[in-house]
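Coordinates in review
Chain residues, written in single-letter form:
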Amino acid sequence: MPENGYQYDVLYIGAGHGAFDGAAPLAAKGYKVGVIEVDKIGGTCPNRGCNAKITLDAPVELLRFQERMQKVVSGDLTFNWTENVKHEHEVIDGLPDFISGLLTDSGVDIINGHGKLVDAHTVDVDGTEKTADKIVVATGQRPHRLDIPGTELANDSTDFMALTELPQNITIIGSGYISMEFATIANAAGSDVTVLMHKDKALRSFNQSYVEHVIEDLQKRGVKFVKNANVTEFAKNGLQYTVSYGAGQTLETDWILDASGRIPNVEELGLEKVGVKYNEHGIEVNDHLQTSVDNIYASGDVVDKKQPKLTPTAIYETTYLMKLFSKETNDPLVYPAIPSVVFTSPRIAQVGVIPDAVADDNSYSVQENDLLAGWYRLVTNESYAKNTIVYDAKHKIVGASEVSERADNAVNSILPAIEFGWGEEELSRLVYLFPSLESDTKDLL
């Protein structure tokens, strides 16, 4: 037992990236650490998020590549959905045990059950109380459900990734990450897909000209988009479902995906009882990730923040807390440049300042490049590829966005320049492998 008289130095509620990436190294330093989890160890990303999604998307990349190279590579490819989902489980099913092993090998106690705050230093886990000097709430987010009649008839992203047979007709509600990525996958696998948008724009935080291109490409492939759909009801109709929307309009479908967003898991945690403040966006924290209760912190997607609610953000936060708790730092948390990507085809990726945000600000300059002019894109016969670079008044790169089949890798190659404030002199010292996408990207900066 720690010298402070509590059972644990630090107790985490939740075992996702907002917890385990910091909990394991903290325990390895000799601190007494416990992690409470009511579901699978690892949280959303390994079990029903990033890892699963990118596995399901891999055949889409292959199909698109073959499509672009059809004059060179002959033959037809078929998308076997059942085998794709089987492969998904080959990738992800061992992850909870793997992460559990990392935790226990580091000395972390894994406590199975639902954790609820009793007071500032006590968590009740299904009737058993655990005490700690510091507590970290890392409960993440869950899929939002529309508050309309028949909402129980819809499915969420977890349900989609568990489908062993893909329905012929799929209706997706919403036009964020999940909607656009799953519409891409389902369409490539042979489903008829309709996307009912809440408003008139998709992926609102991304470069809209690039988003429009992705939508146009999906429309050419048969995906239907309905703007400002205003969905009002789901109903069962024999073996099918009826979606009511707009001014009395309806459509029949085999399967409904509610991709209307994600919301923070703040209920049934005892936050109100102990005085931890939160709002509809998550738990309120200061620049040390400290909540309104001094010894209670929050990390990951459950936090109310401006930064993207992504796995890398959660890892950065929990790593910071590890350093804070182990007295390696007492400085406020300063977020780095955090990139985002939408795994459509083509991909959209961005980091830092995006052009839409500075359209009327003369202190920035914006340069758009048609990447098809770069010879390396000719190798894989890309048909559409552009990037936009945002420079500050000193002509240092402060933002980048791209739409292309390899936008994620290209933006990653620009990331250090944005994070460390590099200008032409620093960039000139970067010698990338040649030939490579990174070398081609640098030549356009």
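Note that the structure is a prediction, hence the values are computed from the model and not measured. (Residues numbered from 1 in each chain as written. Predicted model: local features only at pLDDT ≥ 70, side-chain atom pairs only at ≥ 80, totals over all residues. Heavy atoms only, no water.)

Let us now look at the environment of V193. Examined against the element boundaries, V193 turns out to sit in strand 9 (residues 192–196). Note: C-alpha distance between V193 and A314 (121 residues apart in sequence) is 32 Å. Leave out the neighbours within four places in its chain, and V193 touches I170, I172, A183, A186, N187, G222, V223 and K224. (Helix = DSSP H or I, 4+ residues; strand = E, 2+ residues; numbered from the N terminus. Contact = heavy atoms within 4.5 Å.)

In this structure, W81, F160, I172, M180, V195, F225 and I348 are the most contacted members of the largest nonpolar core, which totals 39 residues. Looking at this core, the elements that each hand over two or more residues are helix 3 (50–68), helix 4 (81–92), helix 6 (157–161), strand 8 (169–173), helix 7 (177–188), strand 9, helix 8 (208–220) and strand 14 (255–258). The greatest single-element share of this core, amounting to six residues, is contributed by helix 7. Per-domain counts for this core show at least three residues from each of domain 1 (8–142 + 263–326) and domain 2 (151–260). When residues no more than four places from it in sequence are discounted, the contact partners of W81 are L56, F160, L163, T164, E165, L166, I185 and A189. Core analysis: the next-biggest nonpolar cluster, separate from the first, contains 25 residues, A19, L289, Y320 and M322 among them. (Core = buried A, V, L, I, M, F, W, Y, C linked by side-chain atoms within 4.5 Å. Buried < 20%, exposed > 50% of the residue type's maximum accessible area, 1.4 Å probe, protein only. Domains from an automatic or database assignment.)

A word on the sheet that holds strand 11 (residues 231–237). Strand order across the open sheet formed by three strands is 11-12-13, with antiparallel pairing between neighbours. Here the strands that pair on one side only, and so sit at the sheet edges, are strand 11 and strand 13 (249–253). Taking the axes of each pair of neighbouring strands and ignoring which way they run, one obtains an average angle of 20 degrees across the sheet. Across six bridges, strand 11 lies against strand 12 (residues 240–245) in antiparallel orientation. Bridged to F234 within strand 12 is V243. (Pairing = 2+ DSSP bridges. Axes fitted to C-alpha atoms, helices over the stretch in contact; angles between N-to-C directions.)

With antiparallel pairing, the five strands of this open sheet are ordered in space as 19-20-23-22-21. Two strands in the sheet have a free side with no partner beyond their single neighbour: strand 19 (340–342) and strand 21 (365–370). Averaged over all pairs of adjacent strands, the angle between their axes in this sheet comes to 10 degrees, without regard to strand direction. Relative to strand 22 (residues 386–391), strand 21 is paired through six bridges, and the arrangement is antiparallel. Bridge pairing in strand 22 places Q367 opposite I389. Helix-sheet contacts for helix 8 involve strand 20 (347–352), strand 21, strand 22 and strand 23 (397–404), and the interaxial angle to strand 23 is about 10 degrees.

The end-to-end C-alpha distance of helix 1 (residues 17–28) is 17 Å, a good match for the 16 Å that twelve residues give at a rise of 1.5 Å each. Of all the twelve residues making up helix 1, nine are buried; the element is thus mostly covered by neighbouring parts of the structure. The set of residues buried in helix 1 consists of H17, G18, A19, F20, G22, A23, A24, L26 and A27. Buried residues along helix 1 sit against strand 1 (8–13), strand 2 (33–37), helix 2 (44–48), helix 5 (95–106) and helix 10 (311–325). Backbone geometry just after helix 1 places G30 at a positive phi near 105 degrees. (Expected span 1.5 Å × (residues − 1).)

Between helix 1 and helix 5, the shortest axis-to-axis distance is 8 Å and the interhelical angle comes to 25 degrees. Classed by the angle they form, the pair helix 1 and helix 5 counts as roughly parallel. Classified by chirality, the crossing of helix 5 by helix 1 is left-handed. Taking contact as the criterion, the partners of F20, A23, A24, A27 and A28 in helix 1 are, on helix 5, I99, L102, L103 and S106. (Parallel < 35°, antiparallel > 145°, perpendicular 65-115°, else oblique. Left-handed = near helix turned anticlockwise from the far one by under 90°.)

Our next topic: the UniProt feature "binding site: FAD" (unreviewed entry) in the protein. UniProt tags K53, G115 and D301 as "binding site: FAD" (unreviewed entry). The largest pairwise C-alpha distance within this set of annotated residues, which runs over 249 residues, is 28.4 Å, so the set is dispersed in three dimensions. With respect to the secondary-structure elements, K53 resides in helix 3. In this structure K53 comes out as buried when scored by relative accessible area, which is 16%. Those residues in contact with K53, other than ones at most four positions away along the chain, are M161, E181, F182, I185 and F343. (UniProt positions renumbered as here; feature names shortened; annotations may be inferred.)

The next subject is the packing of helix 3 against helix 4. The interhelical angle for the contact between helix 3 and helix 4, taken along N-to-C directions, is 140 degrees, at an axis separation of 9 Å. Note on packing geometry: the crossing formed by helix 3 with helix 4 is right-handed. Between helix 3 and helix 4, the contacting residues are N51, A52, T55, L56 and P59 on the first element and W81, N84, V85, H87, E88, V91 and I92 on the second. Across the contact of helix 3 with helix 4, the residue classes break down as seven nonpolar, four polar and one charged. (Nonpolar A, V, L, I, M, F, W, Y, C, P; charged D, E, K, R; others polar.)

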